[in-house]
Amino acid sequence: MTNHPTPAAAPSGHPRRRRVARTLGAAAIGLAAAVAALGAGESAAYAVGARSAPVIAVGSAAIDLTPTPLKEYAVRTFGTHDKPVLLGGIYLTMALLAALAGLLAVRRPLAGAAVFGAFGGLGAWAALSRPGAAAADCDPSLAAGLVGAATVLILARLRRRTTPAPPPAAAERETAEREPVERATTSPGQDQVSATALTGRRTVLTATAATFAAGALAGVGGRVLTDRRFDVTAARDAVRLPVPARRLPPPPAALHPEVPGLSPFTTPNADFYRVDTALTLPRIDPRDWALRIHGLVDHPQLITFDQLLREPLEELDHTLSCVSNEVGGPYVGTTRWLGAALPALLRRAGVRAGADQLVGRSQDGMTIGTPLESVLDGRRALLAVAMNGEALPVAHGFPCRSVVPGFYGYASATKWLVELEVTTFAAFDPYWVRRGWDRTGTVRTASRIEVPAPFAKVPAGDVDVAGTAWATHRGVAAVEVRVDGGPWQQTDLAADAGPDLWRQWSYRWRGAPPGTHRIEVRATDAAGAVQPEQRAAPFPAGATGWHSTVVTVT
């Protein structure tokens, strides 16, 4: 019995593999051009600053254009990692578009180049859309677009010159069917053609890999050099903080219950939460910094950093929280601030009748609006230059930020502050108000359970329960806990350090029985208002509801 080979069995995969290889090669050309473009953009940003780099510019514009619900979802889902996730999404999108550009370029070169031209134009628009942008801010994106377009054209042309034209589909199938029989009878001319094609593929592969390497080197090198050029570490280290005119004693030990796992009363700078829209931190040399106070004032002011340090500086212990904090969330911290009295500076400028809003402007264009009457009502609002005994970290506003007790950060705490405008609510809506957030930003009463940790397993018997509560500028009068929906029990409150600070508490759960249990907490502020049970999302005025945790007693 004679066995006849099936014509399409083994060889039928070769044409498909060749098509896949050609597709991947074209996509690689686009990706290499994208890396070259990013390298050019990062290198060009050396002249104007990291915020003008194409991806940073596009990411910053994307943050401004993102709808508030989506932005809140990102903060809730990714926390302080929301910015890396955004940048990762931009890089992924760019990679997909670059691959598409490569596929287009091998067939229609100008179409592939147009993709990079569009990317450069988008980056230039994004850079110029930032507050305080100058014409030079668009240069890195334009450079990236030009380099990307030129690179994809050059690599695509090289590929066309070194790659033989593919045979028609019918001939390709016929060749595949005859390949097993004719493999051993290939002519010398065919060998020469195959060798030429192999050399051409190697040439394109080498050029593509070299472009990848050069672009990556330019990108990393450009970012490193830019960071070094605009680094303010030495300038920050050189700041000599004066002795406060109004000094506070060290926080007493009675402020913090001795319960393992409970947060410290004063939050270390390295652990203090950071929630803002800055993809790259503003770096301001204090020697170049000046604060402008203007608007509805009789005597506009321009204050340098040295002049600010010569003001009578005060210390202020204050608990700052973010409006994006979920019930029981981590975006809250207590620190000892040092700064100049903001009310005194405003009175020196001469606030005019009818003004009711103080707008702080950041170096990166962020605007924060605070009710003016609250700044001038006797509370200790500061232009802070230090936290916990050291100059402000860059991530927390160096060289100067505002601190106004009683409000969430989005309505009181302008980091990298460069301008204060006395105005009215009717005349101007700051950044977050334009996105639907509450205009005043008053901190809601909140409490959380920190010990035991969620889903912890604890031994039966007496169990320590502890946590923190805050009602900034009102103070906390009581904290209660209950287990499994039973009666509320008063906790032991730590010492009261004042209405602008959180208050820590503890409770000894006697005779905890084995099983799974739910513990809830609620606080009462100094005005007698009990923290509401009803849950509300952070948007638009801050979260409400009782925090709870589930533990297993073994």
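Residues numbered from 1 in each chain as written. Predicted model: local features only at pLDDT ≥ 70, side-chain atom pairs only at ≥ 80, totals over all residues. Heavy atoms only, no water.

Colleague: Which parts of the structure should I look at to understand helix H6 (residues 139-162)?
Modeller: Because each turn of an α-helix spans 3.6 residues, side chains separated by three or four positions end up pointing in the same direction. Here H6 is 24 residues long and its end C-alpha atoms lie 35 Å apart, about the 34 Å a rise of 1.5 Å per residue gives. Within the span of H6, buried status applies to Pro140, Ser141, Ala144, Gly145, Gly148, Ala149, Thr151, Val152, Leu155, Ala156 and Arg159. (Helix = DSSP H or I, 4+ residues; strand = E, 2+ residues; numbered from the N terminus. Expected span 1.5 Å × (residues − 1). Buried < 20%, exposed > 50% of the residue type's maximum accessible area, 1.4 Å probe, protein only.)

Colleague: Could you clarify how one ought to interpret the confidence of the model for the chain in this entry?
Modeller: It should be kept in mind that the predicted coordinates are not to be read in detail where pLDDT is low. Put simply, the chain has an average pLDDT of 91, and 91% of its residues get 70 or more. Confidence drops under pLDDT 50 across residues 4-13; counting only partners more than four residues distant or on other chains, this segment forms four contacts. Every residue in residues 179-186 scores below 50 in pLDDT, and together they form four contacts with partners more than four places removed in sequence or on other chains. (pLDDT = per-residue confidence, 0-100. Contact = heavy atoms within 4.5 Å.)

Colleague: Can you walk me through the sheet that holds strand E11 (residues 446-451) in this structure?
Modeller: Two modes of strand pairing occur in sheets, parallel and antiparallel, and in both the strands are linked by backbone hydrogen bonds. Spatially, four strands are ordered E11-E13-E17-E16 in an open sheet, and the strand pairing comes out antiparallel. Looking at strand neighbours, the two that pair on one side only are E11 and strand E16 (492-493), the edges of this open sheet. Here eight bridges tie strand E13 (residues 461-470) to strand E17 (residues 503-512), and the two strands are oriented antiparallel to one another. Bridging from a neighbouring strand, Gly461 pairs with Ala512 of E17. (Pairing = 2+ DSSP bridges.)

Colleague: Explain the sheet that holds strand E2 (residues 301-304) here, please?
Modeller: Reading across the sheet, the five strands line up as E2-E1-E10-E5-E6 and stay open at both edges, with mixed pairing between neighbours. Of all the strands in the sheet, just E2 and strand E6 (367-371) have a single pairing partner and so form its edges. Put simply, the sheet's adjacent strands are angled 15 degrees from each other on average, direction ignored. When strand E5 (residues 357-362) meets E6, the two strands line up antiparallel, connected through five bridges. Residue Arg361 lies in a different strand from E6, and its bridge partner there is Thr367. (Axes fitted to C-alpha atoms, helices over the stretch in contact; angles between N-to-C directions.)

Colleague: I'm lost on the pairing of strand E18 (residues 515-525) in this one. Help?
Modeller: For a regular strand, side chains alternate in direction, first toward one face of the sheet and then toward the other. Among the eleven residues that make up E18, eight are buried, leaving the element largely enclosed by the rest of the structure. Looking at chain direction, E18 and strand E19 (residues 547-553) are connected through seven bridges and run antiparallel. Among the inter-strand pairings, His517 is bridged to a residue of E19, identified as Val551.

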